[in-house]
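What follows is the residue order along each chain.
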Amino acid sequence: MRARLVVAGLLLAAGCGFAETPGWLLVGRGGESVVRETVPLELAAGEQTVMRTLPRGAVPGSVVLRDPAGKGGARVVRQYVADAKQDIPGREATWVIDAPAAGPRALELTYAVQGVSWNGEYTLLLSPDGTSAAVQAAVHLRNGDDTAFQNVSVVLGSPSNEKGASQAAPPGMPDYMLPRGQEARGFRADALTPLPGVTELPAGTAMLVPVVSLDAVPVRTVLEADLTERGRPESEYYYEPGPGRSGCTVRWALELDNTEANGMGAALPPGEARVYRNTPEGPVLLGVARSAGTAPGGVLRLVVAEEPAVTVTKANATSREQMRSGVPMDISIEVANGLSEPREVRVYDRATAKPPIGGSGGILKSSDLYKELENGRIEFRVSVGPGEKRTITYSTPAN
């Protein structure tokens, strides 16, 4: 076969140009991102060599060059990715390509790149009465590589460490945007957030992109106690047989409706939120919360600070001997309000977290209304007067 040398010079050390077709830059939070670009080539029939400069942070094992025409298109015979050299920007990639016929081809190049990352940043300033807040939300993009990314559509990605989490690409983004070997720490396909208006990311820079800037958004302030919280000892959220008591920390949470009626309504990414309260003496920091983000029309939730004056205690009155004989577990949850005003407290628990083999979980009877959530969790909402206590009781099948 006839061999010819073709140098694709669109991607130089000075910048990453994506020709006429905009590329994708899927930016991950953990410092590893994914690039997809179109590489237009004029190929001869037969084997030839193509060279291209990739960013220094490109992961060699993730580089994939392919012809989207599939069967009957150009075929990569061999691929080489050179080691990055300290005094030379980028790293060289070389392919031997076999083309069935001469002519122009638009190949697609995908690779993971390290050093490009993002963080979400929120600032909320609560009004003195706590019913509204000034909201500032932004995305902090950082390009730690010596390559500038230009003519790109930027998408924010959240890592997926969950077993069985979806790895399929969303509509408009091909499956190979998720490189082979990235499944264990890839991106959640249901948590990708496009960043409209951002088409470039200069080399070695940080960029702050405002997402929301509003003077007053209605806020709901709630108290919640999560008895299923994963950070607690197992005996406290997978309730052990036999009499015993356990408790959990009660926390303040803020809720904002992410709707157009509130001046919002865009996809909000995960990130860190600093929450202040406006006082006559000036803003006071209430706490720093982690936001899971929210889709348009959803609810932005921020768990801000602990409330030691409100306590939640769980008890099991059924003995081990009774449970061995099949007697249901009788659970009680006591909510005590030490504040000077009445409060509603949301209590989250798990109904029979470990049902017996061949048995069933769920609640047999309950003193209060509850809502069934995912993974066997349930939610009670109880109102407690100042200085008062309320007790929730319910029964579940014995473990």
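Residues numbered from 1 in each chain as written. Predicted model: local features only at pLDDT ≥ 70, side-chain atom pairs only at ≥ 80, totals over all residues. Heavy atoms only, no water.

Draft legend 1. How the structure looks around the nonpolar core. Counting residues in each nonpolar core, the largest one holds 32 residues, and the members touching the most others are Ile97, Tyr111, Leu141 and Phe149. Only β4 (23-28), β5 (32-43), β6 (46-54), β9 (91-99), β10 (103-114), β11 (116-126), β12 (132-143) and β14 (152-157) provide two or more residues apiece to this core. Residues Trp252, Met329, Ile331 and Val382 belong to the second largest nonpolar core, which totals 25 residues. (Core = buried A, V, L, I, M, F, W, Y, C linked by side-chain atoms within 4.5 Å. Buried < 20%, exposed > 50% of the residue type's maximum accessible area, 1.4 Å probe, protein only. Helix = DSSP H or I, 4+ residues; strand = E, 2+ residues; numbered from the N terminus.)

Draft legend 2. Just the side chain of threonine 294, in detail. You can see threonine 294 is positioned in the loop between β22 (282-291) and β23 (299-306). The exposure class assigned to threonine 294 is buried, which follows from its relative accessible area of 12%. In terms of polar contacts, threonine 294 uses its side chain to reach the backbone amide nitrogen of valine 299, at 3.3 Å. Setting aside residues up to four positions removed in sequence, threonine 294 forms contacts with Asn258, Ala266, Ala267, Leu268, Val299 and Leu300. (Polar contact = N/O pair within 3.5 Å; in protein donor to acceptor, adjacent residues only side chain to side chain. Contact = heavy atoms within 4.5 Å.)

Draft legend 3. Just the pattern of salt bridges, in detail. Inspection of every chain in the model, using the stated rule, returns 17 salt bridges. Residue glutamate 255 is joined to arginine 220 by a salt bridge in which the shortest nitrogen-to-oxygen separation is 3.2 Å. Of this pair, glutamate 255 sits in strand β20 (residues 250-257) while arginine 220 is found in strand β18 (residues 220-226), placing the two residues 35 residues apart along the sequence. Given the relative accessible area of 7%, glutamate 255 is considered buried. Accessibility expressed as a relative area gives 34% for arginine 220, which makes it partly exposed. One salt bridge in this structure joins aspartate 257 and arginine 220, with 3.0 Å as the shortest N-O distance. (Salt bridge = Lys/Arg side-chain N within 4 Å of Asp/Glu carboxyl O.)

Draft legend 4. Just the layout of surface pockets, in detail. For the largest pocket, the calculated volume is near 670 Å³. Listed by contribution, the elements that provide at least two residues to the lining of the largest pocket are β18, β22, β23 and β26 (343-350). Among the elements that line the lining of the largest pocket, the one with the most residues is β23, at 4 residues. Of the residues assigned to the lining of the largest pocket, the class counts are 6 nonpolar, 5 polar and 9 charged. (1 Å grid on protein atoms, 1.4 Å probe; cavity = no way out; pocket = protein on both sides within 12 Å on 5 of 7 lines; lining within 4 Å. Points joined across faces, edges and corners; volume = space filled by probe spheres on them. Nonpolar A, V, L, I, M, F, W, Y, C, P; charged D, E, K, R; others polar.)

Draft legend 5. Inspection of the pairing of β26 at higher detail. Counting buried positions along β26 yields 6 of 8 residues, so the element is predominantly enclosed. Pairing geometry for β18 and β26, over 4 bridges, is parallel. The residue of β26 that forms the bridge with leucine 223 is valine 345. The pairing of β26 with strand β29 (residues 377-384) spans 8 bridges and is classified as antiparallel. Following the sheet pairing, tyrosine 348 is matched in β29 by glutamate 379. (Pairing = 2+ DSSP bridges.)

Draft legend 6. The arrangement of unusual backbone geometry in detail. If you check the backbone angles, asparagine 151 has positive phi at about 55° while not being a glycine. Within the fold, asparagine 151 resides in the loop between β13 (149-150) and β14. Residue asparagine 151 is classed as partly exposed on the basis of its relative accessible area of 32%.

Draft legend 7. Main features of the packing of aromatic side chains. Per the stated rule, a full pass over the model turns up 2 aromatic pairs. Members of the aromatic cluster, joined through ring pairs, are Tyr370, Phe380 and Tyr394. (Phe/Tyr/Trp six-rings, centres within 6.5 Å; stacked < 30°, edge-to-face > 60°.)

Draft legend 8. Quick look at the environment of alanine 295. Checked against the element boundaries, alanine 295 lands in the loop between β22 and β23. Using a relative accessible area of 48% as the deciding quantity, one classes alanine 295 as partly exposed. Separated by 26 residues in sequence, alanine 295 and proline 269 have C-alpha atoms that sit 8.5 Å apart.

Draft legend 9. Main features of the sheet that holds strand β28 (residues 370-372). Taken together, the 6 strands give an open sheet; going across it, the order is β23-β20-β18-β26-β29-β28, and neighbouring strands pair in mixed fashion. Pairing within the sheet leaves two strands with one partner each, and these edge strands are β23 and β28. Averaged over neighbouring strand pairs, the angle between their axes works out to 30° when direction is ignored. In this structure, β28 lies alongside β29, joined through 3 bridges in antiparallel fashion. Residue pairing in the sheet places lysine 371 in a bridge with glutamate 379 of β29. (Axes fitted to C-alpha atoms, helices over the stretch in contact; angles between N-to-C directions.)

Draft legend 10. How the structure looks around the confidence of the model for the protein. The predicted model of the protein averages 80 in pLDDT, with 79% of residues at 70 or higher. Counting interchain partners and residues more than four positions distant, the pLDDT-below-50 stretch residues 231-244 has 43 contacts. Predicted confidence is poor over residues 353-360, with pLDDT under 50, and the contacts of this stretch with residues over four places away or in other chains come to 11 contacts. (pLDDT = per-residue confidence, 0-100.)

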